[in-house]
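Listed here are the chains, written in short residue letters.
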Amino acid sequence: MVCGGFTCSKNSLCALNILYIMVSLLMIGIAAWGKWFGLVSSFQVVGGVIGVGIFLFLVAVVGLIGALKHHQVLLFFYMIILFMVFVVQFSVSSACLALNKEQQNHLLEVGWNTSDTTQRDVENSLDCCGFASVNYNETCSAPCFYNSSCVSCVSKIQVHTEEVLRFVGGIGLFFSFSEILGVWLTYRYRNQKDPRANPSAFL
């Protein structure tokens, strides 16, 4: 059967949703692993990643069930949710790729001031103290603090910021285009008639 047919559309949609399920389980697993081994102690970060993973998992399950059963209502809501996710993800990915140095530093400082736990994680992992300057009159959990050889964390973070933003933006753009592909496949699949169904039945 040609790829424009019912079976090909169904199999393509199922494969796409299985990929989303695998990605969501990977996100949940990595976040839980990071928390369990103490790599990330911030509950907000871990909770956010796990929440996104669960949301993606539920959306993918809805899409998979809708594709397997050719369920019109499930496919409709799946298509709408997937399109909204595409808009948000495409916007965020484009913003990641478009940020200049000044905007990056501003976002880093906002993130730094949001959570004391995140500050401690960064100071320990990068062996630095303070965001823009080192103040030895304050406490710091980094090993360098005890021999007064610390540098500010922003100087170490900036080395990787642009690289990470490009990587995240690129991955986000890739998945956003896979989402618009999913929307197109779902729209087409909804309007195709199941060849095994009653020929007189409506779709």
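Parameters at a glance
- Residues numbered from 1 in each chain as written.
- Predicted model: local features only at pLDDT ≥ 70, side-chain atom pairs only at ≥ 80, totals over all residues.
- Heavy atoms only, no water.
- Helix = DSSP H or I, 4+ residues; strand = E, 2+ residues; numbered from the N terminus.
- Buried < 20%, exposed > 50% of the residue type's maximum accessible area, 1.4 Å probe, protein only.
- Contact = heavy atoms within 4.5 Å.
- Areas by Shrake-Rupley, 256 points an atom, 1.4 Å probe, with all protein chains shown as cover.
- Axes fitted to C-alpha atoms, helices over the stretch in contact; angles between N-to-C directions.
- Parallel < 35°, antiparallel > 145°, perpendicular 65-115°, else oblique.
- Left-handed = near helix turned anticlockwise from the far one by under 90°.
- Nonpolar A, V, L, I, M, F, W, Y, C, P; charged D, E, K, R; others polar.
- pLDDT = per-residue confidence, 0-100.
- Disulfide = S-S within 2.5 Å.
- Expected span 1.5 Å × (residues − 1).
- Polar contact = N/O pair within 3.5 Å; in protein donor to acceptor, adjacent residues only side chain to side chain.

Visitor: Before we go on, may I ask you to explain the overall build of the chain in this structure?
Guide: The secondary structure content of the chain amounts to six helices and zero strands. For the chain, with 203 residues in total, the buried portion stands at 34%. Partitioning the intrachain contacts of the chain with sequence separation of at least 6 by distance along the chain shows that 62% fall at a separation of at least 24. A total of about 12400 Å² of accessible surface is found on the chain, and carbon and sulfur atoms cover 70% of it.

Visitor: I'm lost on the side chain of Ser 176 in this one. Help?
Guide: Residue placement: Ser 176 occurs in helix α6 (residues 153-190). On the accessibility criterion, Ser 176 (0% relative accessible area) is buried. Discounting chain neighbours no more than four positions away, the residues touching Ser 176 are Phe 86, Gln 89 and Phe 90.

Visitor: Looking at this structure, I do not really get unusual backbone geometry. What am I missing?
Guide: Most of the time, phi is negative for any residue but glycine, and the peptide bond is trans. The backbone of His 70 shows a phi angle near 55°, a positive value even though the residue is not glycine. Relative to the helices and strands, His 70 is located in the loop between α2 (43-69) and α3 (72-98). The class of His 70 is buried, set by a relative accessible area of 10%. For Asp 127, which is not a glycine, the phi torsion comes out positive at approximately 55°.

Visitor: Help me out: how do you make sense of the packing of α3 against α6 in this one?
Guide: Close contact between α3 and α6 brings their axes to 8 Å; oriented N to C, the two are set at 155°. In terms of axis orientation, α3 runs roughly antiparallel to α6. For the crossing formed where α3 meets α6, the hand is left-handed. Here the residues of the contact of α3 with α6 are counted per class, giving 20 nonpolar, 10 polar and three charged.

Visitor: Would you explain the environment of Gly 172 in this entry?
Guide: Its place among the elements puts Gly 172 in helix α6. On the basis of relative accessible area, Gly 172 is assigned to the buried category, the value being 9%. Expressed as a C-alpha distance, the spacing of Gly 172 and Phe 86, which sit 86 residues apart in the sequence, is 9.5 Å. In contact with Gly 172, other than residues within four places in its own chain, are Gln 89 and Ser 93.

Visitor: Explain the confidence of the model for the chain here, please?
Guide: Low-pLDDT stretches of the model should not have their predicted coordinates read in fine detail. For the chain, mean pLDDT is 81; residues scoring 70 or higher make up 87% of the total. Of all the helices and strands in the chain, helix α5 (residues 116-126) carries the lowest mean pLDDT, 79, while α3 carries the highest, 88.

Visitor: What am I meant to see in the state of the cysteines here?
Guide: Should the sulfur atoms of two cysteines be covalently bonded, the bond is a disulfide. Evaluated as defined, the whole model comprises three disulfides. If the cysteines joined by disulfides in the chain are listed in sequence order, their pairing comes out as 1-6, 2-3, 4-5.

Visitor: So what exactly am I meant to see when it comes to helix α4 (residues 101-114) here?
Guide: Side chains three or four residues apart in an α-helix point the same way, a direct result of the helix having 3.6 residues per turn. Helix length check: α4 (14 residues) gives 20 Å between terminal C-alpha atoms against 20 Å at 1.5 Å per residue, within 8%. Backbone nitrogen of Glu 102 and a side-chain oxygen of the N-cap are separated by 3.2 Å at the start of α4; the cap is Asn 100.

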